[in-house]
Amino acid sequence: MDRVYLDYAATSPMDPRTVERMLPFFTQQFGNPSSLHYFGQQADSAVDLARNAILRLFKSLDHDLVFTSGGTESDNLALKGVTTPINQSRIKRILISPIEHPAVDKTAKRLEQDGTVQIDLLRVDNYGLILHNDLQNKLTGTTLASVVWANNEIGTINDIGKIAQICHKSGALLHTDAVQAAAHLNINLNETDVDMLSIGAHKFSGPKGVGCLVFRKTINLDSQIVGGGQESGKRGGTHNVPLIVGMQAALEMAYKDRESINLHLTNLRDQIIAEILKNIPGSSLTGHPVYRLPNHASFVFEGVKGQELVIALDMAGFSVSSGSACKVGNPSPSQVLLALGIPENLAMGALRVTVGRNTKEDEVRSFLDVLPNIVNNLRNG
Amino acid sequence: MTGKKVVVAMSGGVDSSVTAALMVQQGFDVTGIMLKLWTGDCESNDNACCTPEAIQQARQVAGILGIPFYVVDVKNRFKKIVVDKFIEMSEQGLTPNPCFYCNQHIRWGVLLDKTLQLGADYLVTGHYAIIEEDQEHIFHLKKGIDPKKDQSYVLSGLDQEKLQRTIFPLGNYKKEGVRVIAEEYGFTVAQKPDSQDLCFVGSNGYRSFLSQYSTSPLMKGNIRNLSGSIVGEHSGLVNYTIGQRKGIGSGFQSPVYVIDKDIKNNEIIIGSKEMLKFSSLTAGPFNWISGSKPSFQVEYDVKIRYKSNPKKVNLLEDKDGLIRIIFNDPVRDATPGQVAVLYIQDEVIGGGLIHEVFREK
Ligand SMILES: Cc1ncc(COP(=O)(O)O)c(C=O)c1O
């Protein structure tokens, strides 16, 4: 059976050219960047080049970055790094939105549990946009706000530039989880002046297991992995040079082809949204109709369980996802959808379809052809 | 049949793993599904699944075979249909067979419905039983060839509609052969022991399960002998099954057994081994595999427990739609609540709940 992958928000395939660029760092240029000798220097310069290339793409003037193992570690480092008890400018209060990825949400809650910080929740509207007034009212000077730039489940893009301004007016810091955003938006830290930003490479056709936390140089960030002093003491452990090079290569490619790819993605996305809403009764879009990731279509269906829909579609050859599905068979409604005010039983019927640069029009066509029947079958069961 | 979509019910055990392998080998488009059943207490730590190990094992097998695998949650329905029924029947002094209900209503209910909804043509399980279709397109259910493993008894609740959508690839295998295949595929579960207990009662056995979940508290009561004298006290009816020797006190001159439970008066009746012999029973309503009631003019074999040997019987219509099953030779272990399954040679003719048992006069 030919299988069609429509789950790019989960992860994305690598371009063979990116793999090519990584390969020498497994075999010939295998040195340890911390070594003093020739081999070490070669590896070190590759890491250094990658760092500079990424910061340049992000147009950052007063930021640096720490290479990490991915989005999750970056989010952890951001929240924990400014709140550790030994931190001299320690932050004691974190504001998060109710639609954060668990990498932020659970990290914040853990910090509250162990008494490190106090958490307050921001409010969002029915589309998942942060309410700016609410943010403003809740800010104090000694606060870290963490707001997801583009949410993975509903695709809504927040106005992070504006949110950063609001935070800075109160003297607060802003971290943003840009794991999804970085795959589709040209991040420009000159315009969007966040204090910390997390990315993970596998969402933009880079390798899995690598990401980085970009941070303003003036921020006092304590390392969470302590060891040999790598990354200016902010993250111990020998660099994974091939993955770091792969992330750089993938990001460069994404920036280079951005406009044409986003046009392609937006066309497919809009076709998916329009046809599903038109052809499937009891379907509605989740997330913002306009401010949304170009590749992201998400829905809830009345009378259908998302978990079953994903299984049925997979059996028909289409790989999609649902916020309520669970690998060990304990489906529960997505917290994100509940935060938008979607009732629990409807939230169980979530479907997320995300396309990518390799998605072809006829693949979307055949998906849209089978979906109404599958939904119908499940409803009649 | 090649290329047809099938769902294999996978449990992480060796039988269902080999079942999946055989279906892949035969060219079917195979999807593995594991039912997440209700497993008692451990459910309270919510996100944790009670048998992460079994899920992991099944997932690993699916990985080796390159087939998709999903876990489907049927906890609530399993609890309602199988567990609550088990508790309720036990409280009534019956000895239920939950696997029978699970097969009838969960595997060939919820899972078969799901299988068809998901666009597959067949549900495949690792039961040791055989389905044969005759020229009139009637589906016959027969014993698996391994006498130690034959599971036709617990499948006697299936009907034509269910059987025509079912495949049992292991019916013609012996257990040892199945283990060999599992070894060949490198399944780590190849030597996993067969499961013994009811899947939901946990490691302390069904009595402790019942004392935990029973809604009516255990009530002590009298133990009487057949002449009506009170000879002791019992700890609650669910703790006793007919034929049991243990737990009814000592000091009797000859060995005594539970020979009856008087639910109404919460009493246990004891007697000698001879009193355990039953000459007939009534059972029903019956599920007839072929869909219609068979002739009562012939001799049948009956199994009155999953693990009991078949006994020769004749049938008579009884009142209230029940059937009276008359044993050629009296039997010992007839218990209301179990299923009486009628066979002609290796073929299952039908199954019905044992209603009442009658002692030799
Ligand atoms: C918004 C968001 N944050 C964080 C993560 C975690 O990233 P990673 O998989 O690189 O740890 C993801 C990906 O699942 C995500 O979508």
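Residues numbered from 1 in each chain as written. Chains lettered and ligands numbered in written order. Predicted model: local features only at pLDDT ≥ 70, side-chain atom pairs only at ≥ 80, totals over all residues. Heavy atoms only, no water.

Asker: Any chance you could break down the overall build of chain A for me, citing the residues and the numbers?
Answerer: On a plain count of helices and strands, chain A comes out with 13 helices and 12 strands. Expected size for 381 residues packed as a compact globule is a radius of gyration near 21 Å; at 21 Å, chain A falls within 12% of this value. Summarising its shape, the C-alpha atoms of chain A cover approximately 65 × 50 × 40 Å along the three principal directions. The contacts of chain A with a sequence gap of at least 6 include a subset with a gap of at least 24, amounting to 73%. Summed over all atoms, the accessible surface of chain A reaches about 15800 Å², with 51% contributed by carbon and sulfur. Charged side chains of chain A number 35 positive and 38 negative; the gap between the two group centres comes to 2 Å. (Helix = DSSP H or I, 4+ residues; strand = E, 2+ residues; numbered from the N terminus. Rg over C-alpha atoms; globule rule 2.2 N^0.38 Å. Contact = heavy atoms within 4.5 Å. Areas by Shrake-Rupley, 256 points an atom, 1.4 Å probe, with all protein chains shown as cover. Lys, Arg positive; Asp, Glu negative; His and termini not counted. Charge placed at Lys NZ, Arg CZ, Asp CG, Glu CD.)

Asker: If you had to explain the domain arrangement of chain A to someone new, which residues and values would you point to?
Answerer: All names here are of chain A. Looking at chain A, the domain boundaries give domain 1 (4-12 + 258-380) and domain 2 (16-256). On the domain 2 side, the residues contacting the 27 residues of domain 1 number 32 residues. Across the domain 1 to domain 2 interface the summed buried area is about 2400 Å²; carbon plus sulfur atoms make up 50%. Among the residues of domain 1 in contact with domain 2, Arg 258, Leu 293 and Leu 340 are the three that bury the most area, contributing 31% of the side total. At the boundary of domain 1 and domain 2, one finds zero salt bridges. At the junction of domain 1 and domain 2, the tally comes to 25 residue pairs in polar contact (both at pLDDT 80 or more). Within the residue set of the side of domain 1 that touches domain 2, elements represented by two or more residues are helix H9 (258-279), strand E10 (296-301) and helix H11 (335-339). (Domains from an automatic or database assignment. Buried area = accessible area lost by both parts, 1.4 Å probe. Salt bridge = Lys/Arg side-chain N within 4 Å of Asp/Glu carboxyl O. Polar contact = N/O pair within 3.5 Å; in protein donor to acceptor, adjacent residues only side chain to side chain.)

Asker: Could you give me a rundown of the site of the ligand, with the residues and numbers involved?
Answerer: Residue and element names in this part refer to chain A. The immediate surroundings of the ligand are formed by Gly 70, Gly 71, Thr 72, Asp 75, His 101, Asn 152, Asp 177, Val 179, Gln 180, His 202 and Lys 203. Here Gln 180 contributes a side-chain N or O atom positioned 2.8 Å from an oxygen atom of the ligand. Protein chains bury 84% of the 390 Å² of accessible surface belonging to the ligand in isolation. For the shell around the ligand, a count of residues per class yields one nonpolar, seven polar and three charged. (Near = heavy atom within 4 Å. Nonpolar A, V, L, I, M, F, W, Y, C, P; charged D, E, K, R; others polar.)

Asker: Can you tell me about the interface of chain B and chain A, naming the residues and giving the values?
Answerer: The interface is formed by 21 residues belonging to chain B together with 17 residues belonging to chain A. If you sort the residues of chain B by the area they bury against chain A, Tyr70(B), Gln117(B) and Leu118(B) come out on top, with a joint share of 40%. Here chain B and chain A share one salt bridge between them. Close ionic contact of Glu308(A) with Lys114(B) constitutes a salt bridge, the shortest N to O distance being 2.7 Å. Linking chain B with chain A are four residue pairs in polar contact (both at pLDDT 80 or more), by the criterion used here. For the side of chain B that touches chain A, the secondary structure elements donating two or more residues are strand E1 (5-9), strand E2 (29-36), helix H2 (52-65), strand E3 (69-73) and helix H4 (98-117) of chain B. Tallying contributions element by element places E3(B) first for the side of chain B that touches chain A, with four residues.

Asker: Lay out the domain arrangement of chain B in plain terms, naming residues and giving numbers.
Answerer: Residues and elements named next belong to chain B. Per the domain assignment, the segments making up chain B are domain 1 (5-185), domain 2 (217-275) and domain 3 (277-359). Taking the mean C-alpha position of each, domain 2 and domain 3 sit 26 Å from one another. Taken together, the contact pairs eight residues of domain 2 with six residues of domain 3. The largest contributions to the domain 2 side of the interface with domain 3 come from Ile 242, Lys 273 and Met 275, which together make up 64% of the buried area. Where domain 2 packs against domain 3, one counts one salt bridge.

Asker: Hey, could you go over the pattern of salt bridges for me, with residue numbers and the actual values?
Answerer: In the structure shown here, the tally under the stated rule is 31 salt bridges over all chains. Residues Glu73(A) and Arg235(A) are paired through a salt bridge, measuring 2.7 Å at the closest nitrogen-oxygen approach. Within this pair, whereas Glu73(A) is found in helix H4 (residues 71-81), its partner Arg235(A) is found in the loop between strand E8 (211-216) and helix H8 (241-256), the two being separated by 162 residues in sequence. For Glu73(A), a relative accessible area of 14% gives the class buried. Among the ionic pairs, Asp257(A) bridges to Lys256(A), the shortest N-O distance being 3.6 Å. Looking at Lys256(A), the relative accessible area reads 64%, which means it is exposed. Linked by salt bridges that have partners in common, Asp15(B), Lys149(B), Lys175(B), Arg179(B) and Asp194(B) make up one network. (Buried < 20%, exposed > 50% of the residue type's maximum accessible area, 1.4 Å probe, protein only.)

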